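# Commentary on secondary and tertiary structure
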Amino acid sequence: MTLLIDNIGELSTQHLTEEPDATALSARGDAAGVLRDAAVVLEGERIAWVGPSSSAPAADERYDAAGRAVLPGWVDSHSHLVFAGDRTAEFEARMAGQAYAAGGIGVTMGATRAASDDELRRLLGARVAEAVAGGTTYLETKTGYGLDVENEVRSAVLAGESVDEVTYLGAHLVPGGADAEEYTDLVCGPMLEAVLPHVRWADVFCEAGAFTEEQSRRVLEACRAAGLGLRVHGNQLGPGAGVRLAAEFGAASVDHVNFLDDADVAALAATWASWAGPGSAEGAGTVATVLPACDLSTRAPLAPARRLLDAGVQIAIASNCNPGTSYTSSVGFCVTTAVLQMGLSVQEAVRAATFGGALALRRHVGQDADGKRAVGSIAVGHRADLHMLDAPSATHLAYRPGMPLTHAVWRAGRRVR
Ligand SMILES: N=CN[C@@H](CCC(=O)O)C(=O)O
Ligand SMILES: [Zn+2]
């Protein structure tokens, strides 16, 4: 089955490669990777054709975009969707002036452990549906509210039923009453071994009140030795070792990055020095993932996205949807905030929330070892993940903040909204 979507007013492909066709396409656009009066053909789960509407091939079915804008679906590279319970009271206290602290994770751990599999599955499914309704088509989520072997494995298995990428975050918090060193041994040993078949990534919350630099290093070493890709929660609550560790370990991403000094920015920039560019699987460095909704919800200084980009660091924008610091899966809201408050252009923010997320998950190029298609950009052979706006251009995301602009969504070629 093929589907032609034509009369696209603005197609933001986020795709710039050395392929002759793609180069010609972007040359016809008026900004990097942007085409006017464009069309796309979907064939099953893949994109089969991209080009001017006037020369689009015939297809089994046709959808008239009527001048609307189309972007790649959002790639949400950082979320914590497997949880039960509620932290409204903590949020209210924060809005009354209390600072965020890692300890709140323990409240969610208790509620999550107490929930049945079916209840967690239902909650997770509802959260994924909300995200997709807002244009998200590729999702990472983390464990990290189980914090014992049984519940970390359960979280990973449930996550794998609903999202595209699963990250092991046993190192989220030392559970109340546990000894930090002994718990770190568990995270690096039996817990890792049990969760390993169900995850692709490992993450560590390297921060005061969570895991020290030394403990984080142990977690990263053990998880790397086990063959997992690495991610780090770093420099969220204050200056610290997270960014440095992420760069040293070749992590795919370091997330939050609110408190950076010049050496942190330089360390991240250095990881990109030998990257061959967007079409290349080799040499990608550590993506700095900014989480604008979290920054607002914790009243933290906004992550320096502009400074990072200007220094040559690849950035991603993600929702960080979780009950403590960012209870929203709206990547659109994050993009809007990044434009209005972080000094990014619309195209920079859209790129960070699509191609940038894919880069942070190492899914920016296709046909990985495990056979997955590229996501986060619109090009032949990539996964057919499209987000159509009820607006003529992506600029409306920032120009009309808070408006429900998602008109239609295709996820792996299937219309899901
Ligand atoms: N900072 C660490 N983890 C989450 C918050 C988890 C929570 O408070 O429940 C985050 O990314 O913000
Ligand atoms: Zn997080």
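Owing to the predicted nature of the structure, the values given are computational and were not obtained by experimental measurement.

### Thoughts on the UniProt feature "binding site: Fe(3+)" (unreviewed entry) in the chain
Mapped onto this structure's residue numbering, the UniProt feature "binding site: Fe(3+)" (unreviewed entry) falls at His-78, His-80, His-233 and Asn-320. In summary, the annotated positions, though distributed over 243 residues, converge in three dimensions, the widest C-alpha pair being only 12.2 Å. Restricting the annotated residues to those that line the largest cavity leaves His-80, His-233 and Asn-320. You can see His-233 is positioned in strand 10 (residues 229-234). Dropping the residues within four chain positions of it, His-233 is found in contact with His-78, His-80, Lys-142, Leu-169, Asp-203, Val-204, Phe-205, Cys-206, Asp-255 and His-256. By relative accessible area, which is 1% here, Asn-320 ends up buried. Not counting residues up to four positions away in its chain, the partners in contact with Asn-320 are Asp-76, His-78, Ser-79, His-80, His-256, Leu-291, Cys-294, Thr-325 and Ser-326. Polar contacts involving the side chain of Asn-320 include one to the side chain of His-80, which spans 3.1 Å.

### Remarks on the layout of surface pockets
Computed from the structure, the largest pocket encloses a volume of approximately 450 Å³. Together, 26 residues line the largest pocket, and Ser-330, Gly-332, Phe-333, Gly-402 and Met-403 are the ones closest to its centre. For the lining of the largest pocket, the secondary-structure elements that each account for two or more residues are helix 4 (117-133), helix 13 (331-342), strand 14 (386-389) and helix 16 (396-399). Tallying contributions element by element places helix 13 first for the lining of the largest pocket, with six residues. When grouped by side-chain class, the residues that make up the lining of the largest pocket number 11 nonpolar, 12 polar and three charged. Two domains each donate at least three residues to the lining of the largest pocket, and these are domain 1 (2-72 + 376-415) and domain 2 (74-360).

### Overview of empty space enclosed by the protein
This model, assessed by the stated rule, comprises one cavity of 30 Å³ or more. Of the volumes computed, that of the largest cavity is approximately 90 Å³. Lining the largest cavity are 13 residues, and of these His-80, Tyr-100, His-172, Asn-322 and Thr-325 lie nearest its centre. Looking at side-chain class alone, the lining of the largest cavity contains four nonpolar, nine polar and no charged residues.

Calculation rules
- Residues numbered from 1 in each chain as written.
- Chains lettered and ligands numbered in written order.
- Predicted model: local features only at pLDDT ≥ 70, side-chain atom pairs only at ≥ 80, totals over all residues.
- Heavy atoms only, no water.
- UniProt positions renumbered as here; feature names shortened; annotations may be inferred.
- 1 Å grid on protein atoms, 1.4 Å probe; cavity = no way out; pocket = protein on both sides within 12 Å on 5 of 7 lines; lining within 4 Å.
- Helix = DSSP H or I, 4+ residues; strand = E, 2+ residues; numbered from the N terminus.
- Contact = heavy atoms within 4.5 Å.
- Buried < 20%, exposed > 50% of the residue type's maximum accessible area, 1.4 Å probe, protein only.
- Polar contact = N/O pair within 3.5 Å; in protein donor to acceptor, adjacent residues only side chain to side chain.
- Points joined across faces, edges and corners; volume = space filled by probe spheres on them.
- Nonpolar A, V, L, I, M, F, W, Y, C, P; charged D, E, K, R; others polar.
- Domains from an automatic or database assignment.

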